[in-house]
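# Reading the structure
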Amino acid sequence: MKLSTKGRYGLRALIDLAMYSEKEAVSISSIAARQNISESYLEQLVGKLKKAGIVLSIRGAQGGYKLAKPASDISVGDILRALEGNLDAVECPGLKEENGCEGADLCVTKYVWQRINESISHAVDEMKLDQLVEESKKTKNKGQQKSKACEN
């Protein structure tokens, strides 16, 4: 499975949104500037995330976007599925339907594909957005400490 820029940029944008939207809505332009992502592309991604119920849009002068629910309730899997669709590494017809594949009854490799697909789902569903925000804060703090050390 290979994620497209939709998944990679969308995840970065949501980490950014979660970090900066605690007090007020965040504009697309501010996320785009911090994450070095095109505003028009980001608008497309946020549209998909809004449709999936992950983000809310706030209208008005202080408008922008906020998370639709707490970051601890949003998994990486939720985000990636909203942006990428199905996350299965292998689409095996023998796993989907009883008669989906002529050789399904005799096929042993379908169990390999099933385990891989389940492992991916489990991994992305276990990671929550709030955990990524905390990791991002730690990384930023390390970077700031390093740059201060270089100044002395």
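For the structure itself, look to the data block above.
First, a word on scope: everything that follows refers to the structure included in this document. Since this is a predicted model, take the numbers as computed values, not measurements.

### Let's talk about the packing of aromatic side chains
For the structure shown, the criterion picks out one aromatic pair. When the ring of Tyr9 is compared with that of Tyr41, the centres are 6.0 Å apart and the planes differ by 80°; the resulting orientation is edge-to-face. Placement of Tyr9 in helix H1 (residues 5-20) and of Tyr41 in helix H3 (residues 39-51) is noted, with a sequence separation of 32 residues between them. Residue classification places Tyr9 among the partly exposed residues on the basis of a relative accessible area of 26%. Note that Arg34 overlies the ring of Tyr20, its terminal NZ or CZ placed 3.8 Å from the centroid.

### Quick notes on the pattern of salt bridges
A complete count under the given rule lists four salt bridges for this structure. Between Arg81 and Asp125 there is a salt bridge, with its nearest N and O atoms 2.8 Å apart. Within this pair, whereas Arg81 is found in helix H4 (residues 76-84), its partner Asp125 is found in helix H6 (residues 109-126), the two being separated by 44 residues in sequence. Its relative accessible area of 31% is what places Arg81 among the partly exposed residues. The closest approach of N and O atoms between Lys137 and Glu134, which form a salt bridge, is 3.9 Å. A residue pair is termed a helical-turn pair when its members lie 3 or 4 positions apart in one helix, as Lys137 and Glu134 do in helix H7 (residues 129-151) at three residues. Looking at Lys137, the relative accessible area reads 31%, which means it is partly exposed.

### Some thoughts on the packing of H3 against H4
For the pair H3 and H4, interaxial distance at closest approach is 9 Å and the crossing angle is 115°. Of the two possible hands of crossing, H3 and H4 adopt the one that is right-handed. Packed against H3, whose contacting residues are Leu45, Lys48 and Leu49, the element H4 presents Ile79, Ala82 and Leu83 at the interface.

### Observations concerning the nonpolar core
Within soluble globular proteins, side chains that are nonpolar generally end up buried alongside one another. Ranked by internal contacts, the top residues of the largest apolar core, which has 30 residues, are Leu14, Leu42, Leu67, Ile79 and Leu129. For this core, the elements supplying multiple residues, two or more each, are H1, helix H2 (28-35), H3, H4, H6 and H7. Looking at this core, the element that brings in the most residues is H1, giving seven residues.

### Considering the environment of Trp113
Relative to the assigned elements, Trp113 resides in helix H6. Trp113 gets classed as partly exposed once you look at its relative accessible area, which sits at 29%.

### Observations concerning the side chain of Asp16
By the element assignment, Asp16 lies in helix H1. You can call Asp16 buried: its relative accessible area is 2%. Once you skip the residues sitting within four places of it in the chain, Asp16 turns out to touch Ile31, Arg34 and Gln35.

### Brief notes about the pairing of strand E1 (residues 55-58)
Bridging between E1 and strand E2 (residues 64-67) involves four bridges; their strand directions are antiparallel. Residue pairing across strands places Leu56 opposite Lys66, the latter belonging to E2. Hairpin remark: E1 followed by E2, antiparallel, with five residues in the connecting loop; positive phi at Gly60, about 110°.

### A word on empty space enclosed by the protein
For the structure on display, the rule yields one cavity of 30 Å³ or more. Here the largest cavity is characterised by a volume of approximately 30 Å³. Put simply, the parts of the chain that give the lining of the largest cavity at least two residues each are H1 and H3. Sort the elements by how many residues they give to the lining of the largest cavity and H1 lands first, with three residues. When grouped by side-chain class, the residues that make up the lining of the largest cavity number seven nonpolar, no polar and no charged.

Calculation rules
Residues numbered from 1 in each chain as written. Predicted model: local features only at pLDDT ≥ 70, side-chain atom pairs only at ≥ 80, totals over all residues. Heavy atoms only, no water. Phe/Tyr/Trp six-rings, centres within 6.5 Å; stacked < 30°, edge-to-face > 60°. Helix = DSSP H or I, 4+ residues; strand = E, 2+ residues; numbered from the N terminus. Buried < 20%, exposed > 50% of the residue type's maximum accessible area, 1.4 Å probe, protein only. Lys NZ or Arg CZ within 6 Å of the ring centre and 35° of its normal. Salt bridge = Lys/Arg side-chain N within 4 Å of Asp/Glu carboxyl O. Axes fitted to C-alpha atoms, helices over the stretch in contact; angles between N-to-C directions. Left-handed = near helix turned anticlockwise from the far one by under 90°. Contact = heavy atoms within 4.5 Å. Core = buried A, V, L, I, M, F, W, Y, C linked by side-chain atoms within 4.5 Å. Pairing = 2+ DSSP bridges. 1 Å grid on protein atoms, 1.4 Å probe; cavity = no way out; pocket = protein on both sides within 12 Å on 5 of 7 lines; lining within 4 Å. Points joined across faces, edges and corners; volume = space filled by probe spheres on them. Nonpolar A, V, L, I, M, F, W, Y, C, P; charged D, E, K, R; others polar.

Function cannot be inferred from these measures alone, as they are strictly geometric.
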